Amino acid sequence: SDPGSVPRAAVPCETHRATQSSHSMCGQCQTFKPPFSHHCRICNRCVSRMDHHCPWMNNCVGAGNLKHFLLFLVYTWTCSAYALCLFGWNYFFCGDDDCTFHPYVVHLVRIMTILCIGAFLFTSSMLMNVTYGLMTGIGT
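Keep in mind that this is a model prediction, so the values were computed, not measured.

Criteria and thresholds
- Residues numbered from 1 in each chain as written.
- Predicted model: local features only at pLDDT ≥ 70, side-chain atom pairs only at ≥ 80, totals over all residues.
- Heavy atoms only, no water.
- Helix = DSSP H or I, 4+ residues; strand = E, 2+ residues; numbered from the N terminus.
- Buried < 20%, exposed > 50% of the residue type's maximum accessible area, 1.4 Å probe, protein only.
- Contact = heavy atoms within 4.5 Å.
- Areas by Shrake-Rupley, 256 points an atom, 1.4 Å probe, with all protein chains shown as cover.
- Axes fitted to C-alpha atoms, helices over the stretch in contact; angles between N-to-C directions.
- Left-handed = near helix turned anticlockwise from the far one by under 90°.
- Nonpolar A, V, L, I, M, F, W, Y, C, P; charged D, E, K, R; others polar.
- Phe/Tyr/Trp six-rings, centres within 6.5 Å; stacked < 30°, edge-to-face > 60°.
- Lys NZ or Arg CZ within 6 Å of the ring centre and 35° of its normal.
- 1 Å grid on protein atoms, 1.4 Å probe; cavity = no way out; pocket = protein on both sides within 12 Å on 5 of 7 lines; lining within 4 Å.
- Points joined across faces, edges and corners; volume = space filled by probe spheres on them.
- Pairing = 2+ DSSP bridges.

Draft legend 1. Quick peek at the overall build of the protein chain. Each helix and strand in the protein chain was counted, giving three helices and four strands. Taking all 140 residues of the protein chain together, the buried fraction comes to 25%. Long-range pairs, those at least 24 residues apart, make up 45% of the contacts in the protein chain between residues at least 6 apart in sequence. Put simply, the protein chain shows about 10,000 Å² of open surface, and 64% of that area lies on carbon and sulfur atoms.

Draft legend 2. Structural view of the packing of helix 2 (residues 66-92) against helix 3 (residues 103-136). Viewed as axis vectors pointing N to C, helix 2 and helix 3 meet at an angle of 145°, and their least axial separation amounts to 8 Å. As for how helix 2 packs across helix 3, the hand of that crossing is left-handed. A class-by-class count of the residues in the contact of helix 2 with helix 3 yields 20 nonpolar, five polar and no charged.

Draft legend 3. Looking closely at the packing of aromatic side chains. In the structure shown here, the tally under the stated rule is one aromatic pair. Lying across the ring of phenylalanine 36, arginine 49 places its NZ or CZ 5.2 Å from the centre.

Draft legend 4. Inspection of the layout of surface pockets at higher detail. Empty space within the largest pocket amounts to approximately 460 Å³. Residue lining of the largest pocket: 14 residues in total, with Phe87, Asn90, Tyr91, Val106 and Val109 positioned closest to the centre. Of all the secondary-structure elements, those providing two or more residues to the lining of the largest pocket are helix 2 and helix 3. A total of six residues in the lining of the largest pocket trace back to one element, the largest contributor, which is helix 2. For the lining of the largest pocket, the class distribution of residues is 10 nonpolar, three polar and one charged.

Draft legend 5. Expanded view of the pairing of strand 2 (residues 45-48). Two strands pair when backbone bridges link them, and strand 1 (residues 37-40) and strand 2 are joined in this way by four bridges, in the antiparallel orientation. Within strand 2, the residue paired with serine 37 across the bridge is serine 48. Between strand 1 and strand 2, which pair antiparallel and follow one another directly, the connecting turn spans four residues, one of which, asparagine 44, has a positive phi of 60°.

Draft legend 6. Representation of the environment of leucine 66 within the structure. Checked against the element boundaries, leucine 66 lands in helix 2. Excluding its chain neighbours within four sequence positions, the residues that come into contact with leucine 66 are Val61 and Leu134.

Draft legend 7. A look at unusual backbone geometry. Located in the positive-phi region is asparagine 44, a residue other than glycine, with phi close to 60°. The topology assignment puts asparagine 44 in the loop between strand 1 and strand 2.

By themselves, these observations are geometric and do not establish any function.
Written as structure tokens, this is what we have:
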């Protein structure tokens, strides 16, 4: 989705021109650079309220798609937490003699648990970082 790219033909609005004697220009695009915008060297475009260039989405995260990025993090965090709950439930509450698993399955579940813990911790830190940036207004 469009991260809120600044069009190449953008010009300052009338109120901005009246209050400011000069406006900033992007050094790369050589076009008007609105406040809180940033030039992404990977996408080669200016993005309004740019947060970062996300390698997961292969796109910049800006004013236009921050909601999508936040939902992606929430869904990833929820799926990791759900998988960890399932693994924990099957591990701790499977105490009878009928709960014997093949050794390959046991190793696979251990690997999946480690991957889920990593995804859970990483997305938790990303969610806290984005939430803090949104609440304080400084971005991430």
